[in-house]
Amino acid sequence: RLENVKKIYQSGEVITKAVDGIDFTVEKGEFIAIVGSSGSGKSTLLKIITGLYTEVDGKILINGKSLQEINGENLRENMFSVVPQHLYLSSENVSDFLTKSLKKNEEEIENMLNQDAKNLYEYVKTVKNNFAKPCGSLSGGEFRKVNLWMALHKSADVLILDEPTMELDKQSKSELFVYLKGYVQGKIVIIMTHDQELMAISDYIVEL
Ligand code: ADP
Ligand code: MG
């Protein structure tokens, strides 16, 4: 639950009210879309929700407990599965990125990929084709698919995807949509997006 949440950035003389008094509640099993034009504060909101900022006005409550009280990176790490808008490009290989992020060995990752061969075909294909390559050598769309596949398999209560469909082809989009509808049972899905089709499958929209 967010209550009157505000975030101001100050760079020298320039003050930006990036998020200016946002309220919403999202319950287990709900899929919400956070929408708004470029610069309306969507990515800032993601960083606020996942506790990356210490200086935020208002309240962020998780199961009634203040986010600030839920200290420690480990707790947050287990609570959220996130694909940010600007992906962190590490120098490691896709295989190392996945084994580290998912805390599984290569054999377990391979089994997971095989299980997904039908419902997430495009993602499995991309991960398999690029498994031995450095993350930085993948195209934007390829690396986003690797990140999305990873995030969908990380055990966390809240999945947050910032502009996930930005670089996706039609088939990858439709696989993601079908998967998300099943995924949200018992979890929370929050999507920051401009994509009308993605908004259409959400339970409700929070407009910034
Ligand atoms: P969106 O994701 O909706 O496009 P952002 O949350 O990225 O919007 O940005 C919201 C506003 O805050 C924009 O005006 C942006 O320029 C500004 N902003 C974002 N990050 C910073 C920062 N680190 N320092 C200063 N201004 C920032
Ligand atoms: Mg953004």
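So, a few notes on the structure that sits alongside this text. The numbering scheme is per chain: residues are counted from 1 as the chain's sequence reads. Each chain takes a letter, starting from A, and each ligand takes a number, starting from 1, following the order in which they are written. Residue-level local features of this predicted model are given only where pLDDT is at least 70; pairs of side-chain atoms are given and counted only at 80 or more, and the full residue set underlies all totals for whole chains, interfaces and linings. Side-chain calculation: all heavy atoms of the structure are included, whereas hydrogens and water are not.

## Points about helix H1 (residues 42–49)
This is how it is decided: Working definition: with a 1.4 Å probe on protein chains only, accessible area under 20% of the residue-type maximum means buried, over 50% means exposed, and in between means partly exposed. Secondary structure follows DSSP: runs of H or I at least 4 residues long count as helices, runs of E at least 2 residues long count as strands, and numbering of each begins at the N terminus.
The buried fraction of H1 is high, at 6 of 8 residues. Of all the positions in H1, only Lys 42, Thr 44, Leu 45, Leu 46, Ile 48 and Ile 49 are classed as buried. Downstream of H1 by a residue or two, Gly 51 has a phi angle that is positive, lying close to 80 degrees.

## Here we look at the sheet that holds strand E2 (residues 14–24)
As a reminder of what qualifies: Two strands pair if DSSP finds at least two bridges between them.
With antiparallel pairing, the 4 strands of this open sheet are ordered in space as E2-E1-E4-E5. Edge strands, defined here as strands with exactly one partner in the open sheet, are E2 and strand E5 (65–66). Both strand E1 (residues 2–11) and strand E4 (residues 57–62) contribute to a ladder of 3 bridges, which runs antiparallel. The residue of E4 that forms the bridge with Leu 2 is Ile 60.

## A closer look at unusual backbone geometry
For Asn 4, which is not glycine, the phi dihedral falls at a positive 45 degrees. Looking at the element boundaries, Asn 4 is found in strand E1. Take Asn 4: its relative accessible area is 40%, and that puts it in the partly exposed class. Although it is not a glycine, Glu 163 adopts a positive phi angle of roughly 50 degrees. Its place among the elements puts Glu 163 in the loop between strand E7 (158–162) and helix H7 (170–183).

## Looking at the pattern of salt bridges
Heads up, the condition is: Every case where a carboxyl oxygen of Asp or Glu lies within 4 Å of a side-chain nitrogen of Lys or Arg is listed as a salt bridge.
The tally for this structure, following the rule as stated, stands at 9 salt bridges. The partner of Lys 100 in a salt bridge is Glu 92, with the nearest N and O atoms 2.7 Å apart. Looking at Lys 100, the relative accessible area reads 57%, which means it is exposed. The partner of Lys 145 in a salt bridge is Asp 169, with the nearest N and O atoms 3.2 Å apart.

## Structural notes on the sheet that holds E7
Strand pairing in a sheet relies on backbone hydrogen bonds. The paired strands run either parallel or antiparallel. Applied cut-off: Orientation is described by axes fitted as lines to C-alpha atoms, over the contacting stretch for helices, and by angles from 0 to 180 degrees between their N-to-C directions.
An order of E6-E7-E8-E3-E9 is seen for the 5 strands of this open sheet, with the pairing classed as parallel. The open sheet has two free edges, formed respectively by strand E6 (80–83) and strand E9 (204–207), since each of these has just one partner strand. In this sheet, neighbouring strand axes are inclined to one another by 15 degrees on average, regardless of whether the strands run parallel or antiparallel. For strand E3 (residues 31–35) and strand E8 (residues 188–192), the ladder comprises 4 bridges, and the chain directions are parallel. Bridging from a neighbouring strand, Ile 32 pairs with Ile 190 of E8.

## Points about the packing of aromatic side chains
Defined as follows: Aromatic rings from Phe, Tyr and Trp, with only the six-membered ring used for Trp, were paired whenever their centres fell within 6.5 Å, and each pair was classed as stacked if the ring planes differed by under 30 degrees, edge-to-face if by over 60, and tilted otherwise.
Tallying each qualifying case throughout the model produces 3 aromatic pairs. Considering the side-chain rings of Tyr 179 and Tyr 183, the 6.5 Å spacing of their centres and the 35 degrees angle between planes classify their relative orientation as tilted. Pair noted here: Tyr 179 and Tyr 183 are both in helix H7, with a separation of 4 residues, about one helical turn. Judged by its relative accessible area of 9%, Tyr 183 is buried.

Geometric values such as these leave the question of function open.
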